[in-house]
Amino acid sequence: MVYIVCGQVANFKTNSNIQIEKIPYALNSKLKKSIVIKEAQEVDERFHSRYNAKQKTYRYVINNSKQGSAIYRDLEYHMPIKLNIEKMKKAVKYFEGEHDFSAFKASGTSSKSSIRTIYKAEVIRRRR
């Protein structure tokens, strides 16, 4: 069995009378089964989950099996050919550090800078 675990913070304003500890249950009853709210907490009204983020973590999954996965098809990249994991582990280190990603920036984006720091990049092989 494969579990893809991601942590995502979101915020919204509400005038609801629902107790804060019951909000995850209320939201989960209305969301798709693939999304689960684990916790809710009250925050300062000036908090914004996007603009106040200090770091983000991304996980990219390569399914290296012959057939791929029907269930996770939209959540992973299928590459059925043999991969050189040792070379990938060496190469991924070049992503670490400060880089200018202006070539990848969408036109009209609101971000002030295209400079980003990648603190850690690694290749991990897991067998299913």
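Computed from a predicted model, the values in this text were never measured in an experiment.

What counts and what doesn't
- Residues numbered from 1 in each chain as written.
- Predicted model: local features only at pLDDT ≥ 70, side-chain atom pairs only at ≥ 80, totals over all residues.
- Heavy atoms only, no water.
- Phe/Tyr/Trp six-rings, centres within 6.5 Å; stacked < 30°, edge-to-face > 60°.
- Buried < 20%, exposed > 50% of the residue type's maximum accessible area, 1.4 Å probe, protein only.
- Helix = DSSP H or I, 4+ residues; strand = E, 2+ residues; numbered from the N terminus.
- Patch = residues over 30% accessible without salt bridge, like charges linked within 9 Å, V, L, I, M, F, W, Y side chains within 5 Å.
- Areas by Shrake-Rupley, 256 points an atom, 1.4 Å probe, with all protein chains shown as cover.
- Salt bridge = Lys/Arg side-chain N within 4 Å of Asp/Glu carboxyl O.

Looking at this structure, how should I read the packing of aromatic side chains?
What describes a pair of aromatic rings is the distance from one ring centre to the other and the angle between the planes of the rings. Tallied over the full model, the rule gives 2 aromatic pairs. For the pair Phe101 and Phe104, a centre-to-centre distance of 6.1 Å together with 50 degrees between the ring planes defines the contact as tilted. Given a relative accessible area of 25%, Phe101 falls into the partly exposed group.

How do you make sense of the environment of Ala91 when you look at a structure like this?
Tracing the backbone shows Ala91 in helix H2 (residues 85-92). Each C-alpha atom, one on Ala91 and one on Asn11, is 36 Å from the other, the two residues being 80 residues apart in sequence.

When you look at a nonpolar patch on the surface in this model, what are you seeing that I'm missing?
The grouping of Phe12, Leu27, Leu31 and Ile35 at the surface amounts to a nonpolar patch, some 330 Å² of accessible area in total. Mapped onto the secondary structure, Leu31 falls in the loop between helix H1 (23-28) and strand E1 (62-63). Using a relative accessible area of 33% as the deciding quantity, one classes Leu31 as partly exposed.

Is there a simple way to think about the pattern of salt bridges in this case?
Close approach of charged atoms allows side chains with opposite charge to pair. Following the criterion strictly, the structure yields 3 salt bridges and no others. Glu96 serves as the salt-bridge partner of Lys93, at 3.2 Å between the closest nitrogen and oxygen. Here Lys93 falls in the partly exposed class, since its relative accessible area comes to 42%. Note that Lys120 and Glu122 form a salt bridge whose closest N and O atoms lie 3.4 Å from each other. Residue class for Lys120 comes out exposed when judged on its relative accessible area of 59%. Overall, the relative accessible area of 44% leaves Glu122 in the partly exposed class.

All we've got here are geometric facts, nothing functional implied.
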